[in-house]
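If you want the building blocks of each chain, they are given just below.
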Amino acid sequence: MIEHDVFEHAAKWVHARIPQEMANSVHIRELVDAFSALAAVTDAATSTFLIPDLFPDVALDVLYVHNIAGADKLTSVGDPAKNLFPGLSAIALTAIGTAVIREMETTNSDMVRHELDGAEIIVSRPSVRHLVLQATGTTLLTTK
Amino acid sequence: MTAKTPRFERAQDFLAQRVVVAPAAKRIGMQVHARIDRMPSSAQANTTGLRALIRSVAASTRQAFRAHLAEFSDNAQRISVELFYAQSNGLKPYEQVALLLEAKDSPSVADVAARQRIVPIELQRALIANSFHHVDAMQALAANLSTHPETLLPLAAHPSWGVRTAVAANIGPRMKVEERALAEEKELVFNTLIERYEDSFAPFIIPACKDPEQLQRIFERSSLTPLNAHLFTDNPYASNDILLSVVSSNTIGLLPGGQKVKERARSLVDNRLGDHGPTIN
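I will try to describe carefully the structure that is included in this document. (Residues numbered from 1 in each chain as written. Chains lettered and ligands numbered in written order. Predicted model: local features only at pLDDT ≥ 70, side-chain atom pairs only at ≥ 80, totals over all residues.)

All right, on to the overall build of chain B then. Within chain B, the secondary structure is distributed over 16 helices and two strands. Taking all 281 residues of chain B together, 36% fall into the buried category. For chain B, contacts bridging at least 24 residues in sequence account for 58% of all contacts bridging at least 6. (Helix = DSSP H or I, 4+ residues; strand = E, 2+ residues; numbered from the N terminus. Buried ≥ 20, exposed ≤ 12 C-beta atoms within 10 Å, placed from the backbone. Contact = placed C-beta atoms within 7 Å.)

This is how it looks when you write it as structure tokens:
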């Protein structure tokens, strides 16, 4: 498990980068929960996927690149009703996306990459999706 | 769970770095929509829903991939695509071998199988046994860093010059890497290449050779170009005889860059012999 301190740190990082009006309406606790929930979601991943709309009102892609060299991950199924995961509020996700965009502007970058047990999570602007997919060797399939 | 600090960077730089340093394995993925509910009371449901969605991605990907394969009327094309994404789909080595055997007459299938980032040893053996005549595939297999020395050995005697040179390019640099379990088999491939030495092996074999006698044999069979001579003078195991031959070669001196190589060989011999031998002019 990721240490809880990391979520606290990430939440404060976000809070410091969002406009004051938004900061007033999203509490640090909500951001900590959102990061904790996102970690629980990532923990369930067993293959590569792209989400283009994880952050409401913020144009960012989220690409999860599964570690195909590693062993198949075992994820607990359990009873969904009994699994108490932290909440993932839309406002917290918008705040996280806004902070990421702000940091991209500050650092003149267009993506942020996070490695996790051989897997990768890449949050990027939609305009560079083709570069990110090419770099990670990913071909996206869609269902018809 | 091991996590590293997130890195902000430019996608263009990320791509350039991946292409040069560590090309990614080919993989397939699915695009899915999060459909986050904006109602404040839906936070818990958002987590549960997103988690369920992510759990279902693997099955959806398999289904979409099967649908994609069903579109191919050409069997060889279909198998090529299956092998192209074998690693991403977690195909077992015996499944990959079965696919190869299903279309063993197809050069493109053999080529795709041999170009995988990691070719399972079972597939390597099947490629040698069934696709030895597919030159492009054998060249790709010979160049693949995942290819086992056991597989490289028959390729070192392949009728194609390109395949043999690719074996040299593969094993030469690997001789400098310690792979204890493979040491004997690597040595066998290396010695085979020396026995069958060709000029095109020079840049890969000469720098890796640590045996003065083998170097002497290679030298006798090498055309004495400035490039080859440079490789010999750079190898500390090269004998004085080799260096003296370079120094006294009239041909090298006439070729571009040859004079410099001769001077370097002369200074090396002078250093080695010091006060105890003759001064070379």
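After presenting the structure, the write-up continues.
Attention now goes to the overall build of chain A. Along the backbone of chain A there are five helices and five strands. When the helices and strands of chain A are read in sequence order from the N terminus, they spell out α-α-α-β-β-α-β-β-α-β. For chain A, the proportion of its 144 residues judged to be buried stands at 44%. In chain A, the proportion of contacts linking residues at least 24 apart, taken out of those at least 6 apart, comes to 68%.

Our next topic: helix α4 (residues 93-102) of chain B. Working note: α-helix, 3.6 residues per turn, so residues spaced by three or four point in the same direction. Residues and elements named next belong to chain B. Those residues of α4 that sit buried are Gln96, Val97, Leu99 and Leu100. One side of α4 carries all its buried residues, which in axial view fall inside an arc of 160 degrees. In this structure, the buried residues of α4 make contact with α3 (75-84), α5 (107-114) and α6 (121-131). (Arc of directions from axis to C-beta.)

This part takes up the interface of chain B and chain A. Contact residues are listed per partner, giving 48 residues for chain B and 54 residues for chain A. When residues of the side of chain B that touches chain A are traced back to their parent elements, those giving at least two are β1 (7-9), α1 (11-20), β2 (27-31) and α2 (43-70) of chain B. The class makeup of the residues in the side of chain B that touches chain A is 23 nonpolar, 14 polar and eleven charged. Sheet analysis places strand β3 (residues 111-116) of chain A next to β1(B), joined by three bridges and oriented antiparallel. Residue pairing in the sheet places A:Val112 in a bridge with B:Phe8 of β1(B). (Nonpolar A, V, L, I, M, F, W, Y, C, P; charged D, E, K, R; others polar. Pairing = 2+ DSSP bridges.)

So, on to helix α16 (residues 258-273) of chain B. All names here are of chain B. For α16, which comprises 16 residues, the first-to-last C-alpha distance of 23 Å matches the rise-based estimate of 22 Å (1.5 Å per residue) to within 8%. Looking at the buried positions of α16, the neighbouring elements they touch are α13 (226-234), α14 (240-248) and α15 (250-254). Looking one or two residues past α16, Gly274 carries a phi angle of roughly 50 degrees, positive in sign. (Expected span 1.5 Å × (residues − 1).)

It is worth spelling out the nonpolar core at this point. B:Ala113, B:Val167 and B:Leu193 are the most contacted members of the largest nonpolar core, which totals 56 residues. The next biggest cluster of nonpolar side chains, apart from the first, holds 51 residues, and it includes A:Ala11, A:Phe55, B:Phe14 and B:Leu50. (Core = buried A, V, L, I, M, F, W, Y, C linked by C-beta atoms within 7 Å.)

Right, let's get into the environment of B:Pro6. With respect to the helices and strands, B:Pro6 occurs in the segment before β1. Expressed as a C-alpha distance, the spacing of B:Pro6 and B:Pro236, which sit 230 residues apart in the sequence, is 45 Å. The residues contacting B:Pro6, other than those within four sequence positions of it, are A:Val112, A:Arg113 and A:His114.

Turning to unusual backbone geometry, a few remarks are in order. All names here are of chain A. We note that Asp57 has phi near 70 degrees; this positive angle belongs to a residue other than glycine. Relative to the elements of secondary structure, Asp57 occurs in the loop between β1 (49-51) and β2 (61-65). Since 12 C-beta atoms lie within 10 Å of it, Asp57 is described here as exposed. A positive phi angle, near 55 degrees, is found at Asn108, a position not held by glycine. For Asn108, a count of 9 C-beta atoms within 10 Å puts it in the exposed group.

On to the sheet that holds strand β5 (residues 138-141) of chain A, then. As summarised here, the arrangement of the seven strands in space is β5(A)-β2(B)-β1(A)-β2(A)-β4(A)-β3(A)-β1(B), forming an open sheet in which the pairing is mixed. Looking at which strands have only one partner, the edges of the open sheet turn out to be β5 of chain A together with β1 of chain B. Put simply, the sheet's adjacent strands are angled 25 degrees from each other on average, direction ignored. Here four bridges tie β5(A) to β2(B), and the two strands are oriented parallel to one another. Across the sheet, residue A:Thr139 finds its bridge partner in β2(B), namely B:Ile28. (Axes fitted to C-alpha atoms, helices over the stretch in contact; angles between N-to-C directions.)

All right, on to the pairing of strand β4 (residues 119-124) of chain A then. Sheet faces and side chains relate simply in a regular strand, where the side chains alternate between the two faces. Residues and elements named next belong to chain A. Sheet analysis places β2 next to β4, joined by five bridges and oriented antiparallel. Of the residues in β4, the one forming a bridge with Val65 is Glu120. In this sheet, β4 lies alongside β3 in antiparallel orientation, the contact comprising six bridges. Paired with His114 across the two strands is Ile121, which belongs to β4. Taking the residues that link successive antiparallel strands as the turn, the β3-β4 hairpin has two residues, and the phi of Asp117 there is positive, at about 50 degrees.

Nothing here speaks to function; it is all geometry.
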